[in-house]
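Chain and residue survey
What follows is the residue order along each chain.
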Amino acid sequence: METICRCGWCNLNNPLYVAYHDREWGVPQHEDGKLFELLILESFQAGLSWETILNKREAFRAAFGGFHPERVAAYGEEKTAALLEDKAIVRNRRKIAAAVQNAKVFLEIQAEWGSFARYIWHFTDGQVVREMGKASSPLSDRVSADLKKRGMTFVGTTIVYAYLQAAGVIDSHEPGCFLHRKDGAPGRGAE
């Protein structure tokens with residue numbers, strides 16, 4: 001039986017984590033709905049493990065309107081109160097408020113740039129950055145600063161760096177991982 005080598009952080013005992021590593025993480029993402037989902041999930045991850053958030057992903061999807069930014073941007077106090085009672089998600093008032101605020105800014109960026117994908121990829125001229133072993137970089141510093149200037153919260157440089165990795169703007173698959181690319185080709189998920 002052939003053994004597939006993956007990045008060392010991937011918990012091989014968690015099928016959700018393995019599928020995420022193999023099919024999503026580091027794969028260049030250009031669909032705004034997916035980019036919004038990752039933005040919300042990464043902001044909730046702050047101070048927690050990604051595995052914790054990944055295990056609650058479906059509950060987050062239900063709680064946050066299928067990750068439609070228009071729906072989340074319209075959340076008011078009543079919905080916020082309901083989310084604070086939802087034991088299936090991370091119940092943090094500041095993170096929930098950030099999700100609502102960030103949805104509003106996300107929509108503003110879409111209106112300005114035509115799509116959030118066009119905005120986020122402009123920072124690298126549409127190119128995937130390949131680097132490993134970092135928690136932040138000059139790129140994540142620039143993106144974080146711009147998002148904050150526009151009014152987003154929970155988008156510090158470390159969160160943004162993880163977001164850029166998740167969205168495939170930064171490819172950090174480790175040497176030895178079956179998805180590591182040396183040739184400049186974009187990484188692809190397992191079939």
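The packing of two helices is summarised by the inter-axis angle and the distance between the axes. Interhelical geometry of helix α2 (residues 32-45) versus helix α7 (residues 93-113) gives an angle of 150 degrees and a closest axis separation of 10 Å. Relative to α7, the element α2 is oriented roughly antiparallel. Here the hand of the crossing between α2 and α7 comes out right-handed. Contact residues: α2 offers D32, L35, F36, L39, I40, S43, F44 and Q45, while α7 offers K95, I96, A99, A103, F106 and Q110.

With that out of the way, let us pick up the environment of S144. On the secondary structure map, S144 appears in helix α9 (residues 138-150). The class for S144 is buried, based on a relative accessible area of 3%. As for S144 and F154, which are separated by 10 residues in sequence, their C-alpha atoms are 9.3 Å apart. Only 2.6 Å separates the side chain of S144 from the backbone oxygen of V155, close enough to count as a polar contact.

Moving on, we come to the packing of aromatic side chains. If you walk through the whole model with that rule in mind, you get 12 aromatic pairs. An aromatic cluster is built from F36, F106, W113, F116, Y119 and F123, whose rings are joined through pairwise contacts. A cation over a ring is seen here: K79 above Y75, with NZ or CZ 5.2 Å from the ring centre.

Oppositely charged side chains can form a pair if their charged atoms are brought close together. With the rule as written, the count across this model stands at 12 salt bridges. We note a salt bridge from R130 to D171, for which the minimum N-O separation is 3.7 Å. Placement of R130 in strand β1 (residues 129-130) and of D171 in strand β2 (residues 170-171) is noted, with a sequence separation of 41 residues between them. A residue is classified by how much of its surface remains accessible, and R130, at 30% relative accessible area, is partly exposed. Exposure remark for D171: the relative accessible area of 4% places this residue in the buried category. In this structure, D146 and R150 form a salt bridge, with 2.7 Å as the shortest nitrogen-oxygen distance. Separated by four residues within a single helix, D146 and R150 lie in helix α9, roughly one turn from each other. Here the salt bridges do not stand alone but share partners, grouping E24, K34, E37, R57, E58 and R61 into one network.

Basis of the calculations
- Residues numbered from 1 in each chain as written.
- Predicted model: local features only at pLDDT ≥ 70, side-chain atom pairs only at ≥ 80, totals over all residues.
- Heavy atoms only, no water.
- Axes fitted to C-alpha atoms, helices over the stretch in contact; angles between N-to-C directions.
- Helix = DSSP H or I, 4+ residues; strand = E, 2+ residues; numbered from the N terminus.
- Parallel < 35°, antiparallel > 145°, perpendicular 65-115°, else oblique.
- Left-handed = near helix turned anticlockwise from the far one by under 90°.
- Contact = heavy atoms within 4.5 Å.
- Buried < 20%, exposed > 50% of the residue type's maximum accessible area, 1.4 Å probe, protein only.
- Polar contact = N/O pair within 3.5 Å; in protein donor to acceptor, adjacent residues only side chain to side chain.
- Phe/Tyr/Trp six-rings, centres within 6.5 Å; stacked < 30°, edge-to-face > 60°.
- Lys NZ or Arg CZ within 6 Å of the ring centre and 35° of its normal.
- Salt bridge = Lys/Arg side-chain N within 4 Å of Asp/Glu carboxyl O.

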